[in-house]
Amino acid sequence: MSFSSEVKKELCSVNAVDTEQKKAELYGLLIFSKVFKKDKIVLTTENGDVSKKVTDLLEELYMPIIEKETTLRVRTTEHHLSKISLINADDCLRIFDDYGHHDNDISLRVNRANISSDELVAAFLRGAFEGCGSVSDPMKSYHAEFCVPHKNLSVDLCKILSEISECDFTPKTVVRNGSYVVYFKGSEQICDLLTYIGATNCAMEIMGTKAVKQVRNNINRRINSEVANITKIASASAKQLAAIQKIKDKKGIESLPDDLREIAVLRLENPEMSLRDLGQNLSVPISRSGANHRMNRLLEYAEDLE
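Residues numbered from 1 in each chain as written. Predicted model: local features only at pLDDT ≥ 70, side-chain atom pairs only at ≥ 80, totals over all residues. Heavy atoms only, no water.

A few words now on the overall build of the protein chain. Looking only at helices and strands, one finds 11 helices and 8 strands in the protein chain. Whereas a compact globule of 306 residues would reach a radius of gyration of roughly 19 Å, the protein chain reaches 34 Å, over 25% beyond that. The principal-axis extents of the C-alpha atoms in the protein chain amount to approximately 110 × 40 × 35 Å. Per-residue burial for the protein chain yields a buried fraction of 42% across its 306 residues. By sequence separation, contacts in the protein chain at least 24 residues apart represent 64% of the contacts at least 6 residues apart. For the protein chain, the exposed area adds up to about 16600 Å²; of that, 50% sits on carbon and sulfur atoms. Taken together, the 41 basic and 45 acidic charged side chains of the protein chain have centroids lying 6 Å from each other. (Helix = DSSP H or I, 4+ residues; strand = E, 2+ residues; numbered from the N terminus. Rg over C-alpha atoms; globule rule 2.2 N^0.38 Å. Buried < 20%, exposed > 50% of the residue type's maximum accessible area, 1.4 Å probe, protein only. Contact = heavy atoms within 4.5 Å. Areas by Shrake-Rupley, 256 points an atom, 1.4 Å probe, with all protein chains shown as cover. Lys, Arg positive; Asp, Glu negative; His and termini not counted. Charge placed at Lys NZ, Arg CZ, Asp CG, Glu CD.)

Attention shifts here to a nonpolar patch on the surface. Taken together, the side chains of Val215, Ile219, Ile223 and Val227 present a nonpolar region at the surface, about 330 Å² in accessible area. Turning to its location among the elements, Ile223 is positioned in helix α8 (residues 200-250). Ile223 gets classed as partly exposed once you look at its relative accessible area, which sits at 41%. (Patch = residues over 30% accessible without salt bridge, like charges linked within 9 Å, V, L, I, M, F, W, Y side chains within 5 Å. Salt bridge = Lys/Arg side-chain N within 4 Å of Asp/Glu carboxyl O.)

Quick look at helix α7 (residues 187-197) now. Extensive coverage of α7 is indicated by the burial of 8 of its 11 residues. Here α7 has its buried residues at Ser187, Gln189, Ile190, Cys191, Leu193, Leu194, Tyr196 and Ile197. In the stretch just after α7, Gly198 is the one whose phi turns positive, near 115 degrees.

The subject of this paragraph is the pairing of strand β2 (residues 41-45). Counting buried residues along β2, 4 of its 5 residues qualify, which places the element largely inside the surrounding structure. In the sheet, strand β1 (residues 35-36) pairs with β2 via 2 bridges, with the strands oriented antiparallel. Bridge pairing in β2 places Val35 opposite Val42. The loop that links β1 with its antiparallel partner β2 comprises 4 residues. (Pairing = 2+ DSSP bridges.)

This part is about the sheet that holds strand β6 (residues 143-148). Taken in spatial order, the 4 strands line up as β5-β6-β8-β7 in an open sheet, and their pairing is antiparallel. Edge positions in the sheet fall to β5 (133-135) and β7 (172-176), since each of these pairs with one other strand and no more. Averaged over all adjacent pairs, the angle separating strand axes in this sheet is 25 degrees, with direction ignored. For β6 and strand β8 (residues 179-185), the ladder comprises 6 bridges, and the chain directions are antiparallel. Paired with Cys147 across the bridge in β8 is Val181. Seen against the sheet, helix α6 (residues 151-162) touches β6, β7 and β8 and runs at an angle of roughly 25 degrees to β8. (Axes fitted to C-alpha atoms, helices over the stretch in contact; angles between N-to-C directions.)

Here we take up the pairing of β8. Most of β8 sits inside the fold, with 5 of its 7 residues counted as buried. In this structure, β7 lies alongside β8, joined through 5 bridges in antiparallel fashion. Along β8, the bridge assignment pairs Val175 with Tyr180. Hairpin connection, β7 to β8: the antiparallel pair is bridged by 2 residues, and Asn177 has positive phi, about 50 degrees.

Shape descriptors only; they carry no functional weight alone.
Written as structure tokens, this is what we have:
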């Protein structure tokens, strides 16, 4: 099951006791559906929980004649597409009128009278997400969206989201394949959205996944830093060993001053050791910068032998 399906499953499990909240949730499902007109209402979904939820709400609130058709769609995996239609024009008109829509409306807009409280807004957005929403797997990216069929509805949805006082929502829009997509980027806004509409468990899962990713990234950064340091040490050590070997072959280690001879012998015996450790293991310990200074003198000594 995809993460988006998990979210919708959790949302569909929210059972509002208040009739007005049920109507608001159904309104969100219907107005963002494929067709919402006075003589025709059609909703399509690939999610079985959403299909059951919209059917249950319609039967409980309006008892219309419902025609339900399920077809198999094959993409990379198999999906069952449910098409829920109200085949009686009188039923459609009754529902259309009950939500305050009229024949002379220039275009379909959200009737704010149906979502006159914070609780009704949350229920409405829950229905909207069930019907046309999706969210990406948090292990891959942070992206949530509503795929809206009409431009004016996308404008209304953005306005409703932006007006929620307890959440700092900043939705963005883009046109994709003839639909108007209202979307969010960023784990914080997505968690706030899911929590607001009732998918608190999935919101917590995103936060948990984010924490795991942060720990993993920190570990990777630390490992990369350590690998880089080891590589740097190995490269410097190889250069120093080559210089010491040249001195040994041409003039002998004994030709070096006492301070350089001691660190040269220590480097030959400990090729993996860092400059800091080299300095600390001398008969008279010195700092890393002191060890580095002596090594530079060794390298200059070797160059002078050319």
